[in-house]
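# Commentary on secondary and tertiary structure
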Amino acid sequence: MKKHTVLFKNTTISFSDSGKGTALVLLHGFLENSTMWDSFQELWSKKYRLICIDLLGHGQSECLGYVHTMEDNADVVHAVLQELKIRKALLVGHSMGGYVALAFAELYTENVKGLVLLNSTSRADSPEKQSNRDRAILAVKQNYTNFVRIAISNLFSENNRERLETAIEQVKLEALQTPLQGIIASLEGMKIRKDREVMLHFAPFPLLLVLGKQDPILPYNDQLAQLEGTRVQLATFPDGHMTLLENREESAAALLAFFKSCT
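What you see is a predicted model; the values in this text were computed from it and never measured.

What follows concerns helix α4 (residues 127–142). Between its first and last C-alpha atoms α4 spans 23 Å; for 16 residues at 1.5 Å apiece the expected length is 22 Å, and the two agree. Of all the positions in α4, only R133, A136, I137 and V140 are classed as buried. Along α4, the residues classed as buried sweep out an arc of 100 degrees about the axis, all on the same side. Turned more than 90 degrees off the buried face of α4, the exposed positions are P127, E128, R135, L138 and Q142. Elements in contact with the buried residues of α4: α3 (96–107), α5 (144–153) and α7 (180–191).

Shown next as structure tokens:
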């Protein structure tokens with residue numbers, strides 16, 4: 001996949017651009033990068049233009065500073081779309097990418113055609129979760145490799161860790177390319193992110209929330225509560241936080257159906 005770059009606040013941002021049609025902006029999660037979408041390129045680029053962006057301090061995009069806020073990343077997405085002269089796009093954000101997608105939707109509502117929160121949430125970190133982020137920062141400073149390998153394993157439901165061993169190893173190898181500064185800056189940014197639950201009630205575009213019933217990061221029942229009184233569509237799958245890997249075919253089909261309904 002050919003990579004392009006754009007300069008954002010003197011920081012090099014890396015992205016790929018393939019296919020033709022309605023633009024799909026694909027935003028990876030924490031410790032991931034744009035290669036997480038590679039296996040969907042062939043399927044989705046037949047009908048859509050796929051823009052896969054490396055968020056700040058991930059993949060081949062540089063670090064902007066020591067705190068990467070969700071708004072910073074949203075501005076990065078906007079800079080890429082401006083570079084490509086794309087006015088409206090469908091956004092898909094996995095986990096942290098979902099937080100970025102919601103920040104983008106709040107800042108640049110007129111540029112959004114539809115939004116998928118993939119194993120993500122509109123809610124801010126609880127005080128307990130914020131403490132966990134601080135602990136994670138200490139842990140990654142003490143033993144980078146150990147932290148990354150454990151963090152990736154913990155994203156999958158327990159019954160998939162053996163079945164998907166090869167795929168998980170590949171995700172770990174990609175994650176281990178994330179610089180320490182990028183990891184810490186993202187943890188700091190997620191810790192202070194705004195609650196955007198209001199977006200689920202008032203967004204002028206269609207929304208889809210994709211959840212895993214055994215997601216170890218975002219407990220399933222807690223996530224359902226944010227949908228009350230909204231018109232957000234829900235797609236539920238049986239496994240963990242990595243739905244696109246754990247429930248690949250079914251989730252890819254659900255996303256395609258949603259894309260189709262937005263265009």
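If you check helix α2 (residues 70–83), its first and last C-alpha atoms are 20 Å apart, about what 14 residues at 1.5 Å a residue would give, namely 20 Å. Most of α2 sits out of view: 10 of its 14 residues are buried. Residues of α2 that are buried include every one of M70, D72, N73, A74, V76, V77, H78, A79, V80 and L81, and no others. Phi turns positive one or two residues past the end of α2, at K85, with a value near 55 degrees.

Across all of its chains, the model carries one cavity of 30 Å³ or more by this definition. The space that makes up the largest cavity amounts to roughly 30 Å³. As for the largest cavity, its lining consists of Y99, L102, T121, S122, R123, R193, K194 and R196. Within the lining of the largest cavity, the residues separate by chemical class into two nonpolar, two polar and four charged.

The next subject is the sheet that holds strand β1 (residues 3–8). Remark on secondary structure: sheet strands pair via backbone hydrogen bonds, oriented parallel or antiparallel. Across the sheet, eight strands lie side by side as β1-β2-β4-β3-β5-β6-β7-β8; this open sheet has mixed pairing. Every other strand in the sheet has two partners, leaving β1 and β8 (233–237) as the edge strands with one partner each. Geometrically, the sheet is characterised by an average inter-axis angle of 20 degrees between neighbouring strands, direction not taken into account. The pairing of strand β6 (residues 112–118) with strand β7 (residues 207–212) spans four bridges and is parallel. Paired with V116 across the two strands is L208, which belongs to β7. Sitting on the sheet, α2 is in contact with β1, β2 (11–18), β3 (22–27), β4 (48–53) and β5 (89–94), with an inclination near 120 degrees to β1.

With that out of the way, let us pick up the packing of aromatic side chains. On inspection of all chains with the given rule, the structure shows five aromatic pairs. Judged by centre distance (4.9 Å) and plane angle (25 degrees), the rings of F40 and W44 are stacked. One exposure class covers both F40 and W44, and it is buried. An angle of 70 degrees between the planes, with centres 5.6 Å apart, marks the rings of Y48 and F259 as edge-to-face. Residue Y48 is found in strand β4, and its partner F259 is found in helix α11 (residues 248–262); the two are separated by 211 residues along the sequence. Judged by its relative accessible area of 0%, F259 is buried. Here a set of aromatic residues connected by ring pairs shows up, and it is made of W37, F40, W44, Y48 and F259. In this structure, R193 packs its charged tip against the face of Y99, placed 3.7 Å from the ring centre. When the ring centre of F40 is taken as origin, the NZ or CZ atom of R248, which lies over that ring, is 4.5 Å away.

About the cut-offs
Residue numbers run consecutively from 1 along every chain, following the written order of its sequence. Where local features are concerned, this predicted model is filtered to residues with pLDDT of at least 70; where side-chain atom pairs are given and counted, the filter is 80 or more; whole-chain, interface and lining totals use all residues. Based on all heavy atoms of the structure, the side-chain values leave hydrogens and waters out of the count. Runs of H or I in DSSP of at least four residues are treated as helices and runs of E of at least two as strands, each being numbered from the N terminus. Expected span, for any helix, means 1.5 Å times one less than how many residues it has. Burial classes follow relative accessibility: with a 1.4 Å probe on protein chains only, a residue under 20% of its type's maximum area counts as buried, one over 50% as exposed, and anything between as partly exposed. Throughout, the arc means the angular range of directions from the helix axis out to the C-beta atoms. Contacts are assigned to residue pairs with any non-hydrogen atoms lying within 4.5 Å of each other. Think of a 1 Å grid over the protein atoms and nothing else: a 1.4 Å probe that fits but is trapped marks a cavity, an open set flanked by protein within 12 Å on at least five of seven lines marks a pocket, and residues with an atom within 4 Å of a point count as lining. Grid points are joined across faces, edges and corners, and a volume is the space filled by probe spheres set on the points. Gly counts as polar in this scheme, as do all residues outside two lists: the nonpolar Ala, Val, Leu, Ile, Met, Phe, Trp, Tyr, Cys and Pro, and the charged Asp, Glu, Lys and Arg. Between any two strands, pairing holds if DSSP finds at least two bridges. All axes are obtained by fitting lines to C-alpha atoms, using only the stretch in contact for helices, and the reported angles, taken between N-to-C directions, cover 0 to 180 degrees. Side-chain rings of Phe, Tyr and Trp, where Trp is taken by its six-membered ring, are said to pair if the distance between their centres is within 6.5 Å; with planes under 30 degrees apart they count as stacked, over 60 as edge-to-face, and otherwise as tilted. Whether a charge lies above a ring is judged from NZ of Lys or CZ of Arg, which has to be within 6 Å of the ring centre and within 35 degrees of the ring normal.

By themselves these figures say nothing about function.
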